Amino acid sequence: MIGNALSKKDEKNHKHAPLIGIDIGGTGIKGGIVDLKKGKLIGDRFRVPTPQPATPEAVAEVVAEIVAELSSRPDAPDASSPVGVTFPGIIQHGVVHSAANVDKSWLEADIDKAFTKRLGRPVEVINDADAAGLAEARYGAGEGVNGTVLVITLGTGIGSAFIFNGHLVPNAELGHLEVDGVDAETKASAVARERDGLTWDQYGVLLNRYLQHVEFLFSPELFIIGGGISKRSDEYFPHLDLRTKIVTAELKNDAGIVGAALEVALHHKLAK
């Protein structure tokens with residue numbers, strides 16, 4: 001009886017233990033220790049510039065460096081605990097199937113296997129926008145929203161996460177939808193606005209055209225806009241004409257880290 005009780009208590013505590021999340025970006029790779037009860041970081045993020053060229057081997061070394069730093073902290077999770085990692089591409093069964101904005105040497109690489117071998121502990125890799133979507137659905141602007149929630153991240157390209165009743169439908173690459181004869185992210189991403197020298201009014205018109213198309217296809221309950229440009233939403237939200245409610249992401253720069261940790265917790269049944 002006592003043994004069973006202790007076992008159940010240990011299991012409960014294990015499920016609420018913090019985990020490490022790593023977010024791989026084009027200019028920086030950042031990580032943190034995540035409190036999975038609150039969806040918040042314990043302590044500061046640790047960031048290292050993305051190596052150039054960003055080959056699988058070079059990035060794996062930086063990920064290992066970040067995990068080592070976080071593991072040295074007093075609040076670090078157990079050294080054998082799994083690590084969640086985001087990646088800006090399609091990830092299916094741990095294998096990279098797209099590399100639109102990263103080094104082409106990633107294509108068809110078994111990223112789960114490579115990172116697991118380098119770190120010597122289980123690693124689960126998830127698309128970066130999917131991770132942000134998971135985090136927003138569980139802890140942020142999408143918390144408690146039933147039906148379809150679409151998280152759209154505006155940056156170098158357009159990332160997207162498709163959430164239905166709180167569950168992720170992975171690898172929904174909505175930024176590559178064709179709108180008016182072109183790939184949507186070539187006109188409506190944050191980088192496209194800067195590249196083309198668009199005013200916020202002009203950008204709002206293009207973004208609205210894209211979001212109206214997505215709205216027509218999926219009839220979501222909620223749009224959540226993420227990415228650095230979400231901080232300037234007051235500049236372009238007034239130019240959006242949608243049936244769907246639209247809000248900015250709440251977790252900001254921590255969303256990828258939190259979502260990566262949540263994904264690995266769900267995969268290893270360390271969270272419900």
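These numbers come from a predicted model, not from an experiment. (Residues numbered from 1 in each chain as written. Predicted model: local features only at pLDDT ≥ 70, side-chain atom pairs only at ≥ 80, totals over all residues. Heavy atoms only, no water.)

Caption draft 1: Examining the sheet that holds strand E3 (residues 40–49) more closely. Spatial ordering of the open sheet is given by E3-E2-E1-E4-E7, a layout of five strands whose pairing is mixed. Each of the sheet's edge strands pairs with one partner strand only, and the pair in question is E3 and strand E7 (123–127). Going across the sheet, the axis of each strand differs from the next one's by a mean of 20 degrees, ignoring polarity. Two strands pair when backbone bridges link them, and strand E1 (residues 19–24) and strand E4 (residues 83–87) are joined in this way by four bridges, in the parallel orientation. What sits directly across from Ile22, in E4, is Val85. (Pairing = 2+ DSSP bridges. Helix = DSSP H or I, 4+ residues; strand = E, 2+ residues; numbered from the N terminus. Axes fitted to C-alpha atoms, helices over the stretch in contact; angles between N-to-C directions.)

Caption draft 2: Looking closely at the environment of Ala135. Relative to the helices and strands, Ala135 is located in helix H4 (residues 128–139). Residue Ala135 is classed as buried on the basis of its relative accessible area, which comes to 0%. Sequence-wise, Ala135 and Lys245 are 110 residues apart; in three dimensions their C-alpha atoms are separated by 19 Å. Beyond its immediate sequence surroundings of up to four residues, Ala135 is in contact with Gly140, Leu251, Ala255, Val258 and Gly259. (Buried < 20%, exposed > 50% of the residue type's maximum accessible area, 1.4 Å probe, protein only. Contact = heavy atoms within 4.5 Å.)

Caption draft 3: Inspection of the side chain of Arg193 at higher detail. Looking at the element boundaries, Arg193 is found in helix H6 (residues 190–195). Look at Arg193: it is buried, it has no salt bridge, and the nearest opposite charge is Glu194 at 4.7 Å. Contact partners of Arg193, with chain neighbours within four places excluded, come to Leu198, Trp200, Tyr203 and Ile229. (Lys, Arg positive; Asp, Glu negative; His and termini not counted. Salt bridge = Lys/Arg side-chain N within 4 Å of Asp/Glu carboxyl O.)

Caption draft 4: Representation of unusual backbone geometry. In this structure, Pro53 follows Gln52 across a cis peptide bond, with omega equal to 0 degrees. Along the chain, the position of Pro53 falls in the loop between E3 and helix H2 (56–71). For Glu108, which is not a glycine, the phi torsion comes out positive at approximately 65 degrees. Its place among the elements puts Glu108 in the loop between strand E6 (95–96) and helix H3 (111–119). One non-glycine residue, Ser219, lies in the positive phi region at around 45 degrees. Tracing the backbone shows Ser219 in the loop between helix H7 (200–218) and strand E13 (222–226).

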